Amino acid sequence: MYFNETHDAFRASIKKFVDKEINPHMSEWEQTTAPLHDLFKKMGDLGFLGIRYDPKYGGGGLDYWFETVMLEEIGHIKGMGVSTAIAVQTNMATPAIAASGSEYLKETYLKPAIAGDMVCAIAVTEPDAGSDVRAMKSRAVKKDGYYLLNGSKTFITNGVQADFLTLLARTDEGEGYHSFGLFVVPTNLKGFQVSKKLDKIGLWSSDTAELYFDDVKVPLENLIGDDREGFIIQMKQFQHERFAVLPGTCSAIQDMIALTVDYLRQRIVFGKPLITKQVLRHRLADWITRNEALRQLTYHIVRLKMENLDATREVSMGKLLAGQLISEVASGCLQMFGGVGFMNETLISRYFRDVRVMSIGGGADEVMLEIVSRIEGF
Ligand SMILES: Cc1cc2nc3c(=O)[nH]c(=O)nc-3n(C[C@H](O)[C@H](O)[C@H](O)COP(=O)(O)OP(=O)(O)OC[C@H]3O[C@@H](n4cnc5c(N)ncnc54)[C@H](O)[C@@H]3O)c2cc1C
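Residue positions are given per chain, counted from 1 along the sequence in the order it is written. Residue-level local features of this predicted model are given only where pLDDT is at least 70; pairs of side-chain atoms are given and counted only at 80 or more, and the full residue set underlies all totals for whole chains, interfaces and linings. Working from all heavy atoms in the structure, the side-chain values ignore hydrogens and water.

A. Expanded view of the packing of helix α8 (residues 230–266) against helix α10 (residues 312–337). Axis definition: a line fitted to C-alpha atoms, over the contacting stretch in the case of helices. Angles run 0 to 180 degrees between N-to-C directions. Segments assigned H or I by DSSP are reported as helices when at least four residues long, segments assigned E as strands when at least two residues long, and all are numbered from the N terminus. Close contact between α8 and α10 brings their axes to 9 Å; oriented N to C, the two are set at 20 degrees. Here α8 lies roughly parallel to α10, going by the angle between them. Classified by chirality, the crossing of α10 by α8 is left-handed. Should an angle fall under 35 degrees it is taken as roughly parallel, and over 145 as roughly antiparallel, whereas 65 to 115 is taken as roughly perpendicular and any remaining angle as oblique. For any pair of crossing helices, the crossing counts as left-handed if the nearer helix is rotated counterclockwise from the farther one by less than a right angle, and right-handed if it is rotated clockwise.

Have a look at this one:
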């Protein structure tokens, strides 16, 4: 109904890539983290990293439905670390460059990111500024020919491997929103340091870093847009980031349920396969029902985006629902596996670890509720 033969062919090519180039390596990458330069180059060669971007910079020039197909298919990766790393490249660190960057930034950074020649990261969060982005302390002071950047960032996905960061920093001490600039910061600049690779509960196949900036000279031309409007540009970029988790969440929930149904069919307890227990079947049917509702909300958002309408309310609702539902399903499926579900060798345990961050990263559930409340006028 939503997808035609061209979408189906595109879906098949991504599925083939995920089945051949990603899923067979997931267990290894859970130990080592995924080698993003190698993986992204292969994806860039196939046109998977710039689906909606302008063909002038190597993009596919396609629409949100094609992007949805891609995000749905990477949701079938066995575990959420690599899909997160990919979404950072396509939907979190590059939309602002495409929308508000200069020709120079598009040629120098967007183009290689689409080609998979450069790995990128989005650097907003700081030790004292997560949900409250405006509390950030990193400072970019305009000098003669450059911005002098000092400060630190934390929890930065792809931060260890990134060639450049799309980074928000304070350009003024003012209280309001108009005191920030969004910059493209190459990681080979003097004074930049990955201070720590962080040890996490989940997303082991993805690297997450603490970054430090000591008198880093960021060229003036690396500013995205106006140096007072970075906060506004980043808020728009957050909409791409939050939408990016929805299609893949629906796919991952579908996979977790399929995995669990297979197990319940063959696991005999009290003389019968577990799938015969009505309480378990109803729980599965309930999750499938709510996942369908999430999928339809996702497609509704795509329709709004296709009409260039503001989807902040629906994206915030979707992000909230996705985080809540995927955590409930991962935990509930693990419960149905019993003791074997608690073992690291069982895939459901990886999902259980990986999904927890969904209600925290990219705006916690409470922040989504705050946005919805505000839009609803209370
Ligand atoms: C694995 C991982 C990857 C990440 N990747 C990136 C990345 O690539 N780039 C990046 O910039 N950041 C990244 N983050 C950071 C992430 O976006 C932040 O963790 C998130 O925004 C929450 O900020 P915080 O951790 O500082 O929590 P805090 O702001 O300290 O909030 C703590 C908790 O308080 C509650 N809370 C917050 N605000 C409210 C409120 N208004 N009302 C009620 N309760 C509230 C929420 O439950 C929240 O979880 C990542 C985080 C993780 C864990």
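B. Just the site of the ligand, in detail. Close to the ligand lie 17 residues; Ile-122, Thr-125, Ser-131, Phe-155 and Thr-157 are nearest. N or O atoms closer than or at 3.5 Å make up a polar contact, with two conditions inside protein: a donor-capable atom paired with an acceptor-capable one, and, for residues adjacent in sequence, both atoms drawn from side chains. Between Val-124 and the ligand, the recorded distance is 2.9 Å, taken from a backbone N or O atom to an oxygen atom. In this structure, a nitrogen atom belonging to the ligand sits 2.7 Å away from a main-chain N or O atom of Phe-155. Listed by contribution, the elements that provide at least two residues to the shell around the ligand are β3 (146–157) and α12 (365–376). No other element matches the three residues that β3 contributes to the shell around the ligand. In terms of residue class, the shell around the ligand is made up of eight nonpolar, seven polar and two charged. The nearness test applies per residue and asks whether one of its heavy atoms lies within 4 Å of the molecule or strand. Three classes are used, and their members are as follows: Ala, Val, Leu, Ile, Met, Phe, Trp, Tyr, Cys and Pro are nonpolar, Asp, Glu, Lys and Arg are charged, and the others, Gly among them, are polar.

C. Structural view of a nonpolar patch on the surface. Surface patches are defined over residues having more than 30% relative accessible area and no salt bridge, joining like charges when they lie within 9 Å and nonpolar side chains (Val, Leu, Ile, Met, Phe, Trp, Tyr) when within 5 Å. Using a 1.4 Å probe, accessible areas were evaluated by the Shrake-Rupley method; residue-level cover was limited to the displayed protein chains. Take a side-chain nitrogen of Lys or Arg and a carboxyl oxygen of Asp or Glu: if they are within 4 Å of each other, that pair is a salt bridge. Judged by side-chain polarity, Val-340, Phe-342 and Met-343 come together as a nonpolar surface patch covering roughly 300 Å² of accessible area. Within the fold, Phe-342 resides in the loop between α10 and α11 (347–355).

D. View of the nonpolar core. Buried residues of nine kinds, namely Ala, Val, Leu, Ile, Met, Phe, Trp, Tyr and Cys, make up a nonpolar core once their side-chain atoms join them within 4.5 Å. Relative accessibility decides the category of a residue: with a 1.4 Å probe and only protein chains considered, values under 20% of the type maximum give buried, values over 50% give exposed, and everything between is partly exposed. Ile-22, Phe-40, Val-82, Ile-86 and Met-256 are the most contacted members of the largest nonpolar core, which totals 95 residues. Broken down by element, this core gets its largest block of residues, 14 residues, from α8. Throughout, a residue-residue contact means that at least one pair of heavy atoms, one from each residue, lies within 4.5 Å. If sequence neighbours within four positions are ignored, Ile-22 has contacts with Phe-17, Trp-29, Leu-39, Ile-77, Val-82 and Ile-86. In terms of nonpolar packing, the next biggest core, distinct from the first, is built from 20 residues, Leu-167, Phe-183, Val-185 and Leu-189 among them.

Geometry only, nothing functional implied.
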